[in-house]
Amino acid sequence: MRSIEDRPVASPYGHLDAETHEYVVSRPDTPTPWLNYIGQGGYGGIVSNTAGGFSFDRDPRERRATRYRYNAIPADQPGRYVYVRDQATGRFWSATWQPVRAGLDAYECRHGPGYTRIRSALDGIETEMLYFVPPANADGPCPCELWVLRIRNAGTGVRRLRTFSYPEFGYVDSLSDQQNLDWSQHIVTSRLEGSVILAATRFRPTTTFFAASEPPSGWTGDREDFVGRCRDLASPIVVETGEPTNAGSPRGNSIGSLCHDFSLGPGEERRLVYTLGLTDHPEEIDAVVARYRDEAAVQGAFDELCADWRAYLGRFSVATPDPEMTEMLNVWNQVQCRTTLNWSRFVSGYETGLGRGMGTRDSAQDTLGTMHSLPRQARWTLTRTWRLQFRDGHAWHQIFPLSGEGGPGLAAEFPGWPQWFSDDHLWIVLATCAYLRETGDLAYLDERVPWADGDADTIREHMQRAVAFTLANRGPHGLPRAGFADWDDTLNVDHGSGKAESVWCAMQFCRAVLDLAELSRHMGRLDETARFADLHREMAARVNDVAWDGSWYARAFDDEGRPIGVASETAHQINLNPQTWAIIGEVAPPERAGRALVAVRELLETPLGTALLWPPYDGGDDRVRGTATYPPGAKENGGIFCHANTWLIIAAAMLGRSDEAYEHYRRILPLARSDADIYMAEPYVYSQNICGPAHPQFGMARNAWLTGTAAWAFVAATQWILGIRPTFEGLRIAPAIPASWPGFEARREFRGVTYEIRVRRQGPGGSISLAVDRRPVPGSVVPLPPPGTRLVTVDVTLR
């Protein structure tokens, strides 16, 4: 076990290890729990830097394996704990600091892709806990996770130690477990069979199991017996006395506490592997437990996990003059993209996994950051999302992954308002076009997918119906109706009139039909190409006729046709999204595009990112409902919405403002933040939002990990700043890098071919020249190579 002494620390709480690419947390008392995810979309869970968190199998609502208490005191409990007790002195502590919170002599947490390793030392005893999900077991009949404990005597005398594990179980239906206590507290019991603790009901086979690689010297299966009266997890009676109860729970709260004894000589180290899982096939448990009693099997499972992540991350890599950007793009941005693809916005340190499900718009956008690396999973995700679409073209707002059940999301709380969102169906169109550009898999268009309300049709027809729904649902100005909301869930401007309109959604529609026109042109469907181009011109003209406010674009029109996001308003005079999407959707003429970005810079920009709107509402406003429920500067009410900031990066790059694009990127780059006690969230992944300048906690980030910022930040950086974009004809390379950069190098897989790209600056970058395999190529697109090609080298000169 490697020593954790004399480690480098770049901040009070941690640093990035440039060699291993792990984020190293150097002290346990982080401003918020700094989380990681284990598992890859099947069995898995969240684990914090002090081992807080919980586990579930595929669906955190329907198949919860362990408990977690959100927004509780103490915070970040329970979790995956191991207590260590010195049998000679009675002193005890936690191998992961929590929940005892003893004054450790040394502590270090290393979050890596798909695993977390926590090391600590106290009074000459060193421990290491490694948490991960074996890939081969994650989707089988008996999925599980492993906790690998290493314990070492670094002293000079013999030490007698006793360890106690602690996962807390509950009923697998987590809603019932938390809300129907009169029932759920009676139905789950725990028992020991052999050396495995089992927690289950009498009426279904679903069983939570917990075991160790060595037979225990004792066990406790009841939380109240373990903790004791008027105590908590910091000083449980079983650990304090050192005596397990050797009894399970006849009802109430089941846990998995296995007790083991160690006698360690000077320098001696022992290893213990815990197996925690959830299954509907309890007859398979013994085989799984036996497999991971073998040290070689455990190491092989971890090696397999690391190899899978290396393969995933190896499909795109870059070396730029910006070390934080390089590290973010090479590792943690891609780790976050895979996590959002797996879990959308369902379960995190902020989303409890109980009610939200997987978002339609969210899942569609999440594919954008993984098209190049996980095209099959992206395709599967898109197909699942298309199944949420109705025959009239609109789509459910969310889906629960286990049942496939769709629903209207927040709209269900207001049944008199529209029960659809104006953007959901268009996001699936945009994501599908991105998938087709990336893969060239045009056969996907002919795949038949069911409608949410019966029958089935091709993906091509699903896309056509999405366009038709928007066209059929326009308001008095000819713009798309707002529905319950558009991308901004809180902007609820249609209260049943059917007249409120979204200017931003009109711009999104423009981008969607431009993408469809490009697809049709590639397929030789020239009539469709012309039709989509006409739809773009007509909608763009409408926007410019009715939504231009003199220096920027309005955000929406309310029930009475009054504009929102215009200079004449008291609050919400300007909104970021229509200014950026006027450019992304190719709606704004050049002069208006430039003026809109000037307004953004003057009214919305801050040193920590660009606010979503200004000035914020201060008190309720029935016109917009949800937005005004937040205090000024929070979330959508004048907060810095990082997701929307990524579109500002793209818009600036599209206009050739490379320095501005890079500045916007750096402002929201988490690794660039050095003020951890203000930022508070994890510094290695993007957060959804940062409190804006009107908020007393300006600069504080929230909702880390599961946010559309992840995919769009990756797209903004790789496809627009670095300029490496897939097209139907080949890989376009049109960098918009800052003037201070001499160039960069990148490696990218595209349609089964590896492209090694070298960009060098010889001028301001107003034009470029390409050499493909040392041969000059006109334009900025690297043509698709002959079949069988494995490697293409590209030299790009900025002139």
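The rules behind each value
Residues numbered from 1 in each chain as written. Predicted model: local features only at pLDDT ≥ 70, side-chain atom pairs only at ≥ 80, totals over all residues. Heavy atoms only, no water. Pairing = 2+ DSSP bridges. Helix = DSSP H or I, 4+ residues; strand = E, 2+ residues; numbered from the N terminus. Axes fitted to C-alpha atoms, helices over the stretch in contact; angles between N-to-C directions. Polar contact = N/O pair within 3.5 Å; in protein donor to acceptor, adjacent residues only side chain to side chain. Phe/Tyr/Trp six-rings, centres within 6.5 Å; stacked < 30°, edge-to-face > 60°. Lys NZ or Arg CZ within 6 Å of the ring centre and 35° of its normal. Parallel < 35°, antiparallel > 145°, perpendicular 65-115°, else oblique. Contact = heavy atoms within 4.5 Å. Nonpolar A, V, L, I, M, F, W, Y, C, P; charged D, E, K, R; others polar. Buried < 20%, exposed > 50% of the residue type's maximum accessible area, 1.4 Å probe, protein only. Core = buried A, V, L, I, M, F, W, Y, C linked by side-chain atoms within 4.5 Å. Expected span 1.5 Å × (residues − 1).

Draft legend 1. Here's a closer look at the sheet that holds strand 41 (residues 781-783). Across the sheet, three strands lie side by side as 35-36-41; this open sheet has antiparallel pairing. The strands lining the two open edges of the sheet, one partner per strand, are strand 35 (724-726) and strand 41. In this sheet, neighbouring strand axes are inclined to one another by 30 degrees on average, regardless of whether the strands run parallel or antiparallel. The pairing of strand 36 (residues 730-733) with strand 41 spans three bridges and is classified as antiparallel. By the bridge assignment for strand 41, L731 is matched with V782.

Draft legend 2. Main features of the side chain of N330. With respect to the helices, strands and loops of the structure, N330 is situated in helix 7 (residues 323-343). Only 2.7 Å separates the side chain of N330 from the backbone nitrogen of V318, close enough to count as a polar contact.

Draft legend 3. Focus on the sheet that holds strand 21 (residues 398-399). One open sheet holds the three strands; their spatial order is 20-21-22, and the pairing between them is antiparallel. Among the strands making up the open sheet, the edge pair consists of strand 20 (358-359) and strand 22 (406-407). Pairing of strand 21 with strand 22 involves two bridges; the strand directions are antiparallel. Paired with Q398 across the strands is G407, a residue of strand 22.

Draft legend 4. A look at the packing of aromatic side chains. Tallying each qualifying case throughout the model produces 47 aromatic pairs. Relative to Y70, the ring of F54 has its centre 6.1 Å away and its plane inclined at 70 degrees; by these criteria the two rings are edge-to-face. Of this pair, F54 sits in strand 5 (residues 53-57) while Y70 sits in the loop between strand 5 and strand 6 (81-86), and the two are 16 residues apart along the sequence. Following the ring pairs from residue to residue traces out a cluster consisting of Y13, Y23, W34, Y37, W332, Y684 and W705. For the cation-ring pair, R338 lies above Y312, with the distance from its terminal atom to the ring centre recorded as 4.8 Å. Of note, R725 hangs over the ring of W720, and the distance from its end group to the ring centre comes to 3.9 Å.

Draft legend 5. Structural context of the packing of helix 7 against helix 17 (residues 658-668). Closest axis-to-axis distance for the helix 7/helix 17 pair is 11 Å, and the angle between their directions is 70 degrees. The angle between helix 7 and helix 17 falls in the class roughly perpendicular. Of the residues in helix 17, those in contact with E324, M325, M328 and L329 of helix 7 are Y662, Y665 and R666. The residue makeup of the contact of helix 7 with helix 17, split by class, is five nonpolar, no polar and two charged.

Draft legend 6. Quick look at the environment of T629. One can find T629 in the loop between strand 31 (613-614) and strand 32 (640-641). By relative accessible area, T629 is classed as exposed at 60%. Along the primary structure T629 and T490 are separated by 139 residues, whereas in three dimensions their C-alpha atoms are 8.8 Å apart. Side-chain polar atoms of T629 contact the backbone oxygen of G626, separated by 2.5 Å.

Draft legend 7. Local environment of the pairing of strand 17 (residues 254-264). The buried count for strand 17 comes to nine of 11 residues, which makes it a mostly enclosed element. Both strand 12 (residues 159-166) and strand 17 contribute to a ladder of six bridges, which runs antiparallel. Residue R159 lies in a different strand from strand 17, and its bridge partner there is L264. Relative to strand 17, strand 16 (residues 218-222) runs antiparallel, the two being bridged by four bridges. In the sheet register, D222 faces strand 17, and the bridge partner there is S254.

Draft legend 8. Structural detail: the side chain of N575. Within the secondary structure, N575 sits in strand 28 (residues 574-575). A distance of 3.1 Å separates polar atoms of two side chains, one belonging to N575 and the other to H572. What N575 contacts, discounting residues up to four positions off in sequence, is R555, L604, L612 and L613.

Draft legend 9. The nonpolar core, seen in detail. Formed by 232 residues in total, the largest nonpolar core has its most connected members in F132, Y665, W705 and I757. Residue contributions to this core peak at 12 residues, all from helix 12 (residues 503-522). Non-local contacts of F132, meaning those with residues more than four positions away in its chain, are made with I38, G114, Y115, E145, L146, V148, V298, A301, F302 and L305. One finds A482, A556, A571 and A628 within the second-largest nonpolar core, a separate group that totals 10 residues.

Draft legend 10. Looking closely at helix 19 (residues 709-721). If you check helix 19, its first and last C-alpha atoms are just 16 Å apart, much less than what 13 residues at 1.5 Å a residue would give, namely 18 Å. Counting buried positions along helix 19 gives 13 out of 13 residues, so the element sits mostly inside the fold. Positive backbone phi, approximately 75 degrees, marks G723, located one or two places after helix 19.

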